[in-house]
Amino acid sequence: MGCIQSFRQLCDYPKNTNVHISFPAVCFVWQTAMIILFGIFVRYNEESDSHWSEYKKAKNLSDIDNDFYFRYPSFQDVHVMIFIGFGFLMTFLKRYSFGAVGFNFLIAAFGIQWALLMQGWFHSMDAEGKIRIGVENMINADFCVASCLIAYGAVLGKVSAVQLLVLTLFGVTLFAVDEYIIISLIHAKDAGGSMSIHTFGAYYGLCISWMLYRPNLNQSSRLQGSVYHSDVFAMIGTLFLWMFWPSFNSAIANHGDGQHRAVINTYLSLASTVLTCMAISSLFNKHGKLDMVHIQNSTLAGGVAVGTAAEFMLTPYGALIVGFCCGIISTLGYIYLTPFMEKHLKIQDTCGIHNLHAMPGLIGGIVGAITAASASKSVYGEEGLINTFDFVGKYKDVVPTQQGGLQAAGLSVALCFGVGGGVLVGFILRLPIWGDPADDNCFDDEPYWELPEDEEVVTPVLQYNNHMQNKDVAESHFTMEQT
Amino acid sequence: MGCIQSFRQLCDYPKNTNVHISFPAVCFVWQTAMIILFGIFVRYNEESDSHWSEYKKAKNLSDIDNDFYFRYPSFQDVHVMIFIGFGFLMTFLKRYSFGAVGFNFLIAAFGIQWALLMQGWFHSMDAEGKIRIGVENMINADFCVASCLIAYGAVLGKVSAVQLLVLTLFGVTLFAVDEYIIISLIHAKDAGGSMSIHTFGAYYGLCISWMLYRPNLNQSSRLQGSVYHSDVFAMIGTLFLWMFWPSFNSAIANHGDGQHRAVINTYLSLASTVLTCMAISSLFNKHGKLDMVHIQNSTLAGGVAVGTAAEFMLTPYGALIVGFCCGIISTLGYIYLTPFMEKHLKIQDTCGIHNLHAMPGLIGGIVGAITAASASKSVYGEEGLINTFDFVGKYKDVVPTQQGGLQAAGLSVALCFGVGGGVLVGFILRLPIWGDPADDNCFDDEPYWELPEDEEVVTPVLQYNNHMQNKDVAESHFTMEQT
Amino acid sequence: MGCIQSFRQLCDYPKNTNVHISFPAVCFVWQTAMIILFGIFVRYNEESDSHWSEYKKAKNLSDIDNDFYFRYPSFQDVHVMIFIGFGFLMTFLKRYSFGAVGFNFLIAAFGIQWALLMQGWFHSMDAEGKIRIGVENMINADFCVASCLIAYGAVLGKVSAVQLLVLTLFGVTLFAVDEYIIISLIHAKDAGGSMSIHTFGAYYGLCISWMLYRPNLNQSSRLQGSVYHSDVFAMIGTLFLWMFWPSFNSAIANHGDGQHRAVINTYLSLASTVLTCMAISSLFNKHGKLDMVHIQNSTLAGGVAVGTAAEFMLTPYGALIVGFCCGIISTLGYIYLTPFMEKHLKIQDTCGIHNLHAMPGLIGGIVGAITAASASKSVYGEEGLINTFDFVGKYKDVVPTQQGGLQAAGLSVALCFGVGGGVLVGFILRLPIWGDPADDNCFDDEPYWELPEDEEVVTPVLQYNNHMQNKDVAESHFTMEQT
């Protein structure tokens with residue numbers, strides 16, 4: 001802590017938000033690197049290569065058996081969640097919509113390329129050392145990027161595009177290692193990524209935000225709120241996330257009943273969350289009114305929390321119970337925890353990802369462990385149990401109770417990687433070279449985006465109405481000059 | 001009528017929009033009830049249960065034969081229509097976007113759970129008294145909710161969230177009974193729900209609105225219009241409804257040609273509607289200008305009107321003709337009927353659902369009856385006729401002309417359920433306990449939503465410009481510079 | 001040129017934007033014509049006809065083999081690109097959002113009907129002279145309309161709805177002939193339409209815009225910019241185009257590996273484009289800021305440029321390289337070429353389609369030719385080569401190098417049709433009968449749309465701020481009253 005403090009002092013200096021050289025340089029160099037690495041490593045897999053026609057004959061398959069037709073519709077739904085869902089969910093700030101959608105777009109586009117490589121090295125290498133990609137790799141790349149977009153939610157409005165690219169570079173790398181340990185080494189199941197995506201991503205972002213703590217952030221408090229239409233834009237993000245979450249949790253589940261069941265569980269959990277979220281939002285408001293922040297975020301907690309258990313026999317009412325609890329916990333988090341964390345833990349969490357991803361992610365990991373531990377042949381059926389938990393090869397002797405333990409182990413790993421990685425990357429991002437905005441310039445598109453002229457109007461007028469009581473000519477002159 | 005009048009007087013009292021206790025209470029109690037009922041009744045069906053692997057072996061199927069792969073893409077399209085389509089279509093009001101999207105979200109999330117139970121009891125009970133759910137049940141639940149969201153359109157801005165939940169509870173119940181009679185008892189076909197969804201939902205909502213008639217609604221006329229951007233938001237809803245309507249009408253149609261044909265018919269009918277809708281909108285405007293209200297709503301009428309006949313051999317040009325007529329009728333409805341109904345029938349129809357759902361729904365039922373009655377082996381083919389109209393089991397002797405009669409009977413049932421149910425529920429919703437807004441407070445998010453601070457800015461400025469009589473130079477400078 | 005000049009003078013007259021009679025008349029007459037022509041020519045094909053049940057037995061197929069299940073999810077993605085993607089991409093102008101979304105909706109709805117006929121006559125006629133339609137025809141109709149919507153981008157805000165319908169009528173006709181020559185006669189492959197859709201559509205629109213050159217367009221310069229929220233709306237269009245472009249390029253590719261590979265190539269190319277686009281946008285801005293115009297448009301160039309080669313063995317890194325270059329070229333086009341073209345070539349290109357569709361389309365055609373010419377059995381496999389390039393029947397002796405030549409020939413044809421057709425249609429659209437807006441009335445919804453009352457505020461205030469120098473009380477009264 002001491003050293004962190006001193007390090008913080010070290011980094012407090014007048015900010016320079018100019019990324020005129022650094023940003024284009026990073027983009028070009030990294031994109032060129034991607035091309036070279038793809039050239040060396042990445043090839044089509046047997047289902048996307050033109051040798052498919054011979055492959056399918058050899059295996060006696062027909063075109064419809066191509067994994068493409070099992071997964072592509074889900075992939076596109078996930079793709080919408082990544083770019084529209086996360087992007088618009090973050091547009092709620094009155095003056096940071098360009099940054100929310102635009103930077104989300106940027107880091108997702110870079111992240112999926114890097115993820116294809118990182119995940120490929122761990123999971124899809126063939127004998128010749130080539131990464132063979134198909135639709136499932138694309139889904140996993142989107143998943144991987146999701147964890148970085150979650151982290152972005154914590155630092156939204158307080159970092160530069162260059163910092164976000166660094167956050168993504170390390171985030172994807174950590175994710176791939178993290179996922180490899182959880183899925184391949186520990187043999188935990190995590191179809192919807194409650195552990196590897198949400199828990200990891202959320203703590204990764206929260207720790208970065210803690211490292212980047214800004215004591216004087218209130219200087220830009222005028223920009224921390226929403227406006228009527230920015231809240232409506234954010235609902236576009238919320239609803240696309242909410243609607244397509246069943247696709248997210250089922251996208252890489254087993255063909256057949258696995259995907260089918262994952263969809264049903266997620267659909268039900270999310271429906272239940274909406275009611276309890278709105279109930280708490282109204283109950284804890286002094287006039288019984290609903291708060292858009294809760295509706296935009298906490299209604300999604302149920303989807304996070306069934307991520308791991310989605311393909312298990314959670315039962316429909318089990319899914320409803322999970323959603324019920326998460327709607328309550330997540331909304332209460334926004335009401336009590338977020339202010340507490342900012343005040344006492346020095347964690348400034350712009351989008352409240354602790355309530356939307358961290359807590360529900362942990363719950364999801366625990367629910368997954370319990371559901372796995374309580375699995376039985378009578379419920380799953382002989383074969384069903386083996387298929388669902390992949391009790392084959394060297395894992396053929398694993399029993400459900402053990403699997404429960406493995407799930408718990410996986411959750412701890414995700415948590416450690418999130419916290420450790422976040423602190424590490426946070427350190428790096430404090431270096432005075434990234435062009436992050438000054439405290440009074442946060443949550444503002446102005447430093448990084450060419451803004452439409454007539455927007456300039458807004459600010460002075462706001463200040464005008466807020467700060468000035470008695471009509472004062474000097475003041476109004478000031479306004480005029482601004483305009 | 002007399003008793004209704006007196007009942008109305010009875011209910012005219014100073015409004016209290018505080019739902020601080022009632023709203024959370026209803027949400028918690030009902031959601032808890034859902035969990036209990038799901039625990040007792042709802043289980044996975046053979047395609048979403050982990051016994052699928054054994055089931056498919058027994059039936060000699062492969063994973064791709066799982067109904068999930070036939071219907072999930074359509075389900076997601078329908079899901080988008082329910083939450084984005086209906087939600088954003090209703091955001092056109094300048095100050096009721098939160099209520100439009102938010103309450104739509106709430107009642108849909110509750111409704112789909114209740115619908116899974118109600119429809120399950122009627123259609124999906126197995127020998128052990130369990131409801132077995134799969135993707136088709138989820139589609140039907142979304143359909144069921146659609147009828148309540150249609151009804152919401154009639155009372156938009158004039159009711160509280162609690163009233164909407166009551167409207168949905170009864171609406172879903174009535175829908176399930178209605179649907180059971182139409183589909184199972186009468187054996188009418190209604191793939192796209194022209195009768196069971198649109199006709200029922202529309203008259204259900206219109207009768208509720210009639211029961212809740214507000215003689216002094218003009219007190220909130222200042223809020224009844226749209227603003228430029230709220231109209232653009234509404235177009236998001238319109239377009240997603242328009243684009244995905246083919247999925248709506250084909251989602252539960254027969255595998256293979258049934259779904260394929262339903263898509264083509266809906267696609268064509270909707271295309272044709274757009275042109276006649278715009279033509280009428282321009283023709284009846286004194287400067288030949290287009291009216292956004294018509295574009296947002298009447299362009300969808302063609303999808304409603306081919307709902308029943310979508311999977312029949314309507315022929316492509318038949319679909320175009322249906323769309324052609326509906327575009328005209330629906331648009332004329334907005335121009336002449338809606339004002340007439342408000343003035344003379346005391347029916348205040350905020351979104352004009354009578355023009356978008358009621359009339360096209362009736363047309364759809366009639367088109368379905370005619371198309372069915374004129375079906376023949378020569379057109380459908382021996383097997384095709386049997387598959388399309390399900391002339392099997394105890395219905396194997398039904399002939400097309402009889403089927404036409406059954407379709408007509410189904411339409412009448414839907415109509416009766418809508419009117420009867422609407423009057424009944426309207427009575428209940430007039431009770432002075434639901435926290436509905438006062439007449440001068442309608443179409444306003446303020447009573448039920450925490451609004452962003454700076455919205456306060458807008459209002460005073462507007463009021464300021466409206467109410468101020470004596471011009472003051474300093475003041476006017478102030479105004480100018482703001483602009 | 002001389003005659004064009006004189007013709008231009010001929011057409012310079014006081015504008016009358018009243019389309020009170022002409023617009024409804026055109027809609028009704030053309031829609032009626034569609035119904036008659038569909039009645040004579042269009043029928044369901046064997047997969048959407050109720051005889052499918054017999055057909056599949058005869059061919060020993062199962063329902064899942066119906067092309068519907070191979071293509072419908074992609075079709076719906078394409079459908080979203082056409083109506084939401086193109087529609088909202090054009091909403092960036094501060095006062096032309098209704099026209100952007102509304103007219104896009106109108107011409108697409110008309111265009112798909114006319115395209116089904118035109119393309120049907122060339123490609124889907126059966127022995128009895130009937131056009132047999134299924135899901136693939138619907139995709140092709142959407143593709144065909146895309147070329148007209150691209151052309152709309154060049155004349156956005158400067159033409160009337162009637163002119164757009166004429167543009168679409170001719171555009172679809174030219175497209176169908178163009179496509180028939182490229183695909184059927186020349187035997188070029190063009191799955192994603194780099195040549196037939198983008199190159200043709202872009203030059204078609206640019207030449208029309210050149211013919212409709214307005215020397216005094218700066219009179220409406222006050223409306224040529226965007227406002228904060230209109231830019232966010234435009235991002236909805238951008239992102240849906242970007243996300244679903246893989247579906248666009250794969251929608252009509254070969255079943256199995258063809259569709260699978262087309263998706264991967266497009267996904268990668270687009271990701272790479274985003275980084276180079278943003279890099280250039282920042283690098284060439286004097287403060288290193290990002291420009292929304294570039295993000296909204298140039299990020300899509302990579303999708304255009306892999307259109308032709310998408311289903312070839314372009315290799316993943318090949319796709320990244322294509323995207324890399326297009327992001328740079330397209331963004332530089334917005335910075336340098338668009339102003340140059342307006343100033344020196346008299347081409348006013350509202351949306352910059354030259355940078356988003358024309359140049360990337362040409363690149364796409366060239367990339368396609370090179371990729372085809374360098375194809376080999378070793379890379380594609382014996383069968384793969386035949387399937388990918390359709391070397392069967394009378395083309396069974398074509399070798400890759402020849403195919404490269406054919407691709408180049410196809411590109412030239414698309415270019416010629418675009419330029420020739422554009423000039424021709426531009427001539428027609430200059431006739432003084434179409435109700436196009438005056439120069440000071442461009443980019444404004446006011447002439448063609450009923451605008452929400454309180455929008456009236458903006459116009460006078462804008463004019464006020466622009467035209468008036470000395471503060472004048474009367475004027476300011478006027479402002480207030482309006483507000």
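Residues numbered from 1 in each chain as written. Chains lettered and ligands numbered in written order. Predicted model: local features only at pLDDT ≥ 70, side-chain atom pairs only at ≥ 80, totals over all residues. Heavy atoms only, no water.

A.B. asks: Now, about the relation of the copies chain A and chain B: what can you tell me, with residues and values included?
C.D. replies: In summary, the two copies of the chain are related to each other by a rotation about an axis coupled with a shift along it. With an axial shift of 0.0 Å and an RMSD of 0.0 Å, the rotation relating chain A to chain B amounts to 120°. This pairing of chains is accounted for by a three-fold axis. Within chain A, the C-alpha atom positioned nearest to the axis of rotation is that of Pro73(A), 3.6 Å from it. Interface overlap between copies is the fraction of interface residues in one copy that are interface residues in the other; for chain A against chain B it is only 13%, indicating separate surfaces. (Least-squares fit on C-alpha atoms with pLDDT ≥ 70 in both. Contact = heavy atoms within 4.5 Å.)

A.B. asks: Pulling in residues and values, what's your account of the UniProt feature "domain: Ammonium transporter AmtB-like" (unreviewed entry) in chain A?
C.D. replies: Look at the UniProt record and you will see "domain: Ammonium transporter AmtB-like" (unreviewed entry) annotated at residues 66-436 of chain A. Counting secondary structure, residues 66-436 of chain A comes out at 72% helix and 1% strand; the distance between its end C-alpha atoms is 46 Å. (UniProt positions renumbered as here; feature names shortened; annotations may be inferred. Helix = DSSP H or I, 4+ residues; strand = E, 2+ residues; numbered from the N terminus.)

A.B. asks: Before we move on, could you go through the nonpolar core and cite the residues and values that matter?
C.D. replies: Ranked by size, the top nonpolar core spans 480 residues in total, and within it Phe240(A), Phe240(B) and Phe240(C) carry the most contacts. Of all hydrophobic cores here, the second largest spans seven residues; its members include Ile182(B), Ile186(B), Leu411(B) and Val413(B). (Core = buried A, V, L, I, M, F, W, Y, C linked by side-chain atoms within 4.5 Å. Buried < 20%, exposed > 50% of the residue type's maximum accessible area, 1.4 Å probe, protein only.)

A.B. asks: Any chance you could break down a nonpolar patch on the surface for me, citing the residues and the numbers?
C.D. replies: A contiguous nonpolar patch, built from Ile21(A), Leu283(C), Phe284(C) and Tyr336(C) and spanning about 410 Å² of accessible area, is present on the exposed surface. Along the polypeptide, Leu283(C) turns up in helix H10 (residues 257-283). (Patch = residues over 30% accessible without salt bridge, like charges linked within 9 Å, V, L, I, M, F, W, Y side chains within 5 Å. Areas by Shrake-Rupley, 256 points an atom, 1.4 Å probe, with all protein chains shown as cover. Salt bridge = Lys/Arg side-chain N within 4 Å of Asp/Glu carboxyl O.)

A.B. asks: Let's hear about the pattern of salt bridges: which residues, and what values?
C.D. replies: In this structure the tally under the stated criterion is 30 salt bridges over all chains. Between Asp436(A) and Arg214(A) there is a salt bridge, and its shortest N-O distance comes to 3.6 Å. Taken together, the positions of Asp436(A) in the loop between helix H17 (400-430) and helix H18 (458-467) and Arg214(A) in the loop between helix H8 (194-211) and helix H9 (228-250) put the pair 222 residues apart, joining distant regions of the chain. By relative accessible area, which is 8% here, Asp436(A) ends up buried. Classification of Arg214(A) by relative accessible area gives buried; the value is 5%. Across the pair Glu446(C) and Lys289(B) runs a salt bridge whose closest N-O atoms are separated by 3.0 Å. Pair noted here: Glu446(C) is in the loop between helix H17 (400-430) and strand S3 (449-450) and Lys289(B) is in the loop between helix H10 (257-283) and strand S3 (290-291), and the two residues belong to different chains.

A.B. asks: Would you mind going over helix H3 (residues 52-59) of chain A in detail, with residue names and values included?
C.D. replies: Those residues of H3(A) lying buried are Trp52(A), Ser53(A) and Lys56(A). The arc enclosing the buried residues of H3(A), seen along the axis, measures out at 100°, which places them on a common side. For H3(A), the exposed residues lying more than 90 degrees away from the buried face are Lys57(A) and Ala58(A). As for H3(A), its buried residues are in contact with H10 and helix H16 (382-389) of chain C. After H3(A) finishes, the residue Asn60(A) shows a positive phi value of roughly 55°. (Arc of directions from axis to C-beta.)

A.B. asks: Could you give an account of the interface of chain A and chain B, with specific residues and numbers?
C.D. replies: Listed as interface residues are 83 residues of chain A and, on the opposing side, 83 residues of chain B. Across the chain A/chain B interface, buried area totals approximately 7,200 Å², and carbon plus sulfur atoms make up 73% of it. Of all residues in chain A, Tyr228(A), Tyr267(A) and Leu275(A) bury the most surface against chain B, accounting for 12% of the area lost on that side. For the pair chain A and chain B, the number of links is two salt bridges. At the boundary of chain A with chain B, the tally comes to 26 residue pairs in polar contact (both at pLDDT 80 or more). Considering each element in turn, the side of chain A that touches chain B owes the most residues, 19 residues, to helix H10 (residues 257-283) of chain A. Looking at the side of chain A that touches chain B, its residues break down into 46 nonpolar, 26 polar and 11 charged. (Buried area = accessible area lost by both parts, 1.4 Å probe. Polar contact = N/O pair within 3.5 Å; in protein donor to acceptor, adjacent residues only side chain to side chain. Nonpolar A, V, L, I, M, F, W, Y, C, P; charged D, E, K, R; others polar.)

A.B. asks: Quick one: what's the story with the interface of chain C and chain A, residue by residue and with numbers?
C.D. replies: Contacts between the two partners involve 72 residues from chain C, matched on the other side by 76 residues from chain A. Here chain C packs against chain A, burying approximately 6,400 Å² in sum over the two surfaces, 73% of which is carbon and sulfur. Viewed at the interface, chain A and chain C are joined by two salt bridges. If you list the elements that add at least two residues to the side of chain C that touches chain A, you get helix H4 (67-89), helix H9 (228-250), H10, helix H11 (292-297), helix H13 (316-344), helix H15 (377-380) and H16 of chain C. Residue contributions to the side of chain C that touches chain A peak at 19 residues, all from H10(C).

A.B. asks: Go over the packing of helix H4 (residues 67-89) of chain A against H4(C) with me, naming the residues and quoting the values.
C.D. replies: Between H4(A) and H4(C), the shortest axis-to-axis distance is 10 Å and the interhelical angle comes to 10°. Between H4(A) and H4(C), the angle falls in the class roughly parallel. Between H4(A) and H4(C) lies a crossing whose hand is left-handed. In this structure, H4(A) uses Tyr69(A), Tyr72(A), Pro73(A) and Gln76(A) to contact H4(C), whose residues at the interface are Tyr69(C), Phe70(C), Pro73(C) and Asp77(C). Across the contact of H4(A) with H4(C), the residue classes tally to six nonpolar, one polar and one charged. (Axes fitted to C-alpha atoms, helices over the stretch in contact; angles between N-to-C directions. Parallel < 35°, antiparallel > 145°, perpendicular 65-115°, else oblique. Left-handed = near helix turned anticlockwise from the far one by under 90°.)

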